[in-house]
Amino acid sequence: MDAQMVLNAIMQVCEPLSLLYLFIGFFVGVIFGAMPGLTSTLAIALLLPMTYSMPLSRALVMCMGVYMAGIYSGCITAITINIPGTPGAVMTSIEGHAMMKRGEGAKAIGHATIASSIGGAVGALLLIFISPLAVKLALMVRTPGKFSLVFFALIVMVIISKNKYKAVVALAFGLACATIGVDKLKTVSRLTFGFTQLVEGIDTTTLIVGAFAISEIISQALVSNAEYEKLGEAANKLKFKRKDFFPSLKELKEVGILTYIKSTIIGFFIGVLPGAGASMASFVSYATAQSSSKTPEKFGTGYPAGIAAPECANNAVCGGALVPMLTLGIPGDGTTAVLLGVFLVYGIVPGPNLLTTRMAELAPMYIALFVSAAILMPLSLYLFGPYYLKIVRINRLVLYSAISLAAILGVYAATASVFQMGIALAVGVAMYFLKKEGYPPVPFILGVILGPLCEQYLRTTLTLGQGNVSVFFTEPDSLFFLVLTVVFAVWLPRLNKKSETAAVKA
Amino acid sequence: MKKYLSKDVLTPAGVLVFLIAYVFEAMQNSAPIVNGVPQESFFPLIIFIAGAIADLFLLVSAFKNAKETEAVAEEKNPRNLKALYVVIAAAAFIFLFDLLGFMIVAPIFVFAMMLIYDDRPQQIPKKILFTILITAVIYVLYTQVFDINFPEIWR
């Protein structure tokens, strides 16, 4: 990305309409991240059909606002009512809620905001500088290597799941959905089960909305409204003034600049690992901050460094997770998997050539990620901080009824087909049952998105080699990714175990 | 026999039925490999093999667990019925959307969802007011901002 491109991207993000979409994305992200049960992944899934009428750059700018704010705002309920809004905010709740009980809840949110802003902004800068290097490497990958790369992504997603067999089944379900319709290599229809409407296949939006939104609106029927209102009442009792949010310089010095730097780097590089995600980043950075602290005994008692480390790391993940997604077409977490869906909506095929062919359209996304991290501090500390507590008091009936209507209409908006709406409902019901039984939804969506690429690369390689599979082991790029798959298969479960141990210890 | 009818057994069994139907449909098109060249049923066959192996592991371990443990009557959560109501409401909305149009079906759907999500039918006037507001906001958002036309009974 050269200076001219950066300048153009800044100009595009600074257009009034782009800024408006960024702010809309930001506030949607804050609401979805702060409300237990809602996630930024769901927010992007709901916004996906609405992006159809926008230029790609604006759609991505809005998604970046949702992504950054969604990860950040998990800390709000984690600190105030001890219920992490996102899995990445679990460690924040340990220290933050302890501070809350001491009457320093606003200050805890202040520490979390400053750390999130630093982590997110530096993570975005690292993304801008590292992407070109990653692109150069990615361009060296040829067709057999591309298959091994997709295979690597799918395997990693299975490895990090709690139950690997269930993850394989979810992945197979997603891959199966992706194969329905016209076979692009031979242009013949397949797997239509006699339905002519299936000849064109199942739309990605249909599957994403079904898997994330419709399954969630079914799950929410199981939540008692009275129990949820109790959370709102707990938040209602809290009142913060603006000045309470600002930590003193002495307190910031106590956290230490090294904690911010270390946690950002940990978060960014854990984000780069496909499938690792914000929760692992926050666990690892918390454990690192505690082990390198001069006062480790203070951790667990409401210590600001224990808030700054995980918050810095989980927001730095945003930039890191975009590296494999943009350069290799591998999403780093659930949100980036859905973000790949946005690319597909615009006919953009994820993969190593993406940044070289569509860089001009994607560059505003980088800047938007940086801006959404940078505005966290002024918006949260100076303007809206005291009102964040009221998010939990939003009428749940109104919110979920609106989400239900928007989700189903979203499928119609994307496909103009009532049949696809029915498919979304069927997928939603299936995913609701599968999720209830512990089948993870992310491998499913990864199967939907990477399935067509996986098939294309596999069949092309085998066709050219007359069915010879040894090419996957003789081509150096392909061999590299296969070896990497084995390394990850051994190493990732260990890292997962370590981060879980850190969480239990804390 | 009853202990073998738990969700742990029925879910992988259902998945297996789906996978068999899937591969059977795929095989209607062509053989997986013709003259060393993979055909359109090749990839679905691989998906079937991978999925079926993992699913059989789950099925066998669920059978083993069921054999070792006594049948325990699953606690019935009365709210499970609410999940069913959500599905029925959504299915009815989708079925009637094309026939009756947005203006008639959407408010009824939103109102029904509010009743389902609430613990008991209460504050009906408030719910009606919110229904009108939600429907209006979503209608304006989609038709005016995103330029999407919904089916209407008069159109």
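Quick caveat: nothing in here was measured; it's all calculated off a predicted structure.

Criteria and cut-off values
Residues numbered from 1 in each chain as written. Chains lettered and ligands numbered in written order. Predicted model: local features only at pLDDT ≥ 70, side-chain atom pairs only at ≥ 80, totals over all residues. Heavy atoms only, no water. Helix = DSSP H or I, 4+ residues; strand = E, 2+ residues; numbered from the N terminus. Buried < 20%, exposed > 50% of the residue type's maximum accessible area, 1.4 Å probe, protein only. Contact = heavy atoms within 4.5 Å. Core = buried A, V, L, I, M, F, W, Y, C linked by side-chain atoms within 4.5 Å. Domains from an automatic or database assignment. Salt bridge = Lys/Arg side-chain N within 4 Å of Asp/Glu carboxyl O. Axes fitted to C-alpha atoms, helices over the stretch in contact; angles between N-to-C directions. Parallel < 35°, antiparallel > 145°, perpendicular 65-115°, else oblique. Left-handed = near helix turned anticlockwise from the far one by under 90°. Nonpolar A, V, L, I, M, F, W, Y, C, P; charged D, E, K, R; others polar. Buried area = accessible area lost by both parts, 1.4 Å probe. Polar contact = N/O pair within 3.5 Å; in protein donor to acceptor, adjacent residues only side chain to side chain.

Before we move on, can you summarise the environment of Tyr303 of chain A with the specific residues and values?
Residue and element names in this part refer to chain A. Relative to the elements of secondary structure, Tyr303 occurs in the loop between α14 (277-292) and α15 (304-327). On the basis of relative accessibility, which here comes to 8%, the residue Tyr303 falls in the buried class. When the C-alpha atoms of Tyr303 and Leu464 are compared, they prove to be 60 Å apart, with 161 residues separating the residues in sequence. Residues within four places of Tyr303 in sequence aside, it is in contact with Glu95, Glu254, Ser293, Thr295 and Lys298.

Give me the lowdown on the nonpolar core, citing residues and values where you can.
Note that soluble globular proteins tend to have their nonpolar side chains buried in a common cluster. Residues Leu322, Leu326, Phe343, Leu409 and Phe444 of chain A together with Phe93 and Tyr142 of chain B are the most contacted members of the largest nonpolar core, which totals 218 residues. Ranked by residue count, the leading element in this core is α15 of chain A, at 14 residues. Both domains that meet at this core, namely domain 1 (1-77) and domain 2 (81-155) of chain B, each give it at least three residues. Not counting chain neighbours up to four residues away, the residues in contact with Phe343 of chain A comprise Leu60, Met325, Leu326, Ile348, Leu354, Leu362 and Met365 of chain A.

Kindly report on the pattern of salt bridges, identifying the contributing residues and their values.
The full count for this structure, using the stated rule, is 11 salt bridges over all chains. When the shortest N-O distance is used, the salt bridge between Asp118 of chain B and Lys127 of chain B registers 2.7 Å. The exposure class of Asp118 of chain B is buried, given its relative accessible area of 1%. Several salt bridges converge on common partners, so that one network encompasses Asp183, Arg190, Glu455 and Arg459 of chain A.

Hey, could you go over the packing of helix α9 (residues 164-179) of chain A against helix α22 (residues 441-464) of chain A for me, with residue numbers and the actual values?
All names here are of chain A. Interaxial distance between α9 and α22 falls to 7 Å at its minimum, and their mutual angle equals 50°. Classed by the angle they form, the pair α9 and α22 counts as oblique. Of the two elements, α9 crosses α22, and the hand of that crossing is right-handed. Seen from α9, the contacting residues are Ala167, Ala170, Leu171, Phe173, Gly174, Leu175, Cys177, Ala178 and Thr179; seen from α22, they are Pro443, Phe444, Gly447, Val448, Gly451, Pro452 and Glu455. Looking at side-chain class alone, the contact of α9 with α22 contains 11 nonpolar, four polar and one charged residues.

Talk me through the interface of chain A and chain B; I want residue IDs and the actual numbers.
Contact residues are listed per partner, giving 65 residues for chain A and 61 residues for chain B. Summed over both sides, the interface of chain A with chain B buries roughly 5300 Å², with 74% coming from carbon and sulfur. When the buried area of chain A at its contact with chain B is split by residue, Tyr165, Leu405 and Leu409 of chain A rank highest and sum to 11% of it. Residue Glu40 of chain B is joined to Lys186 of chain A by a salt bridge in which the shortest nitrogen-to-oxygen separation is 3.1 Å. In this assembly, chain A and chain B are joined by 10 residue pairs in polar contact (both at pLDDT 80 or more). Taken together, the elements giving at least two residues each to the side of chain A that touches chain B come down to α9, β2 (188-190), α10 (204-219), α11 (225-236), α20 (396-415), α21 (418-436) and α22 of chain A. Top contributing element to the side of chain A that touches chain B by residue count: α20 of chain A, with 14 residues.

So, to be careful, I would describe these as geometric facts and stop short of saying anything about function.
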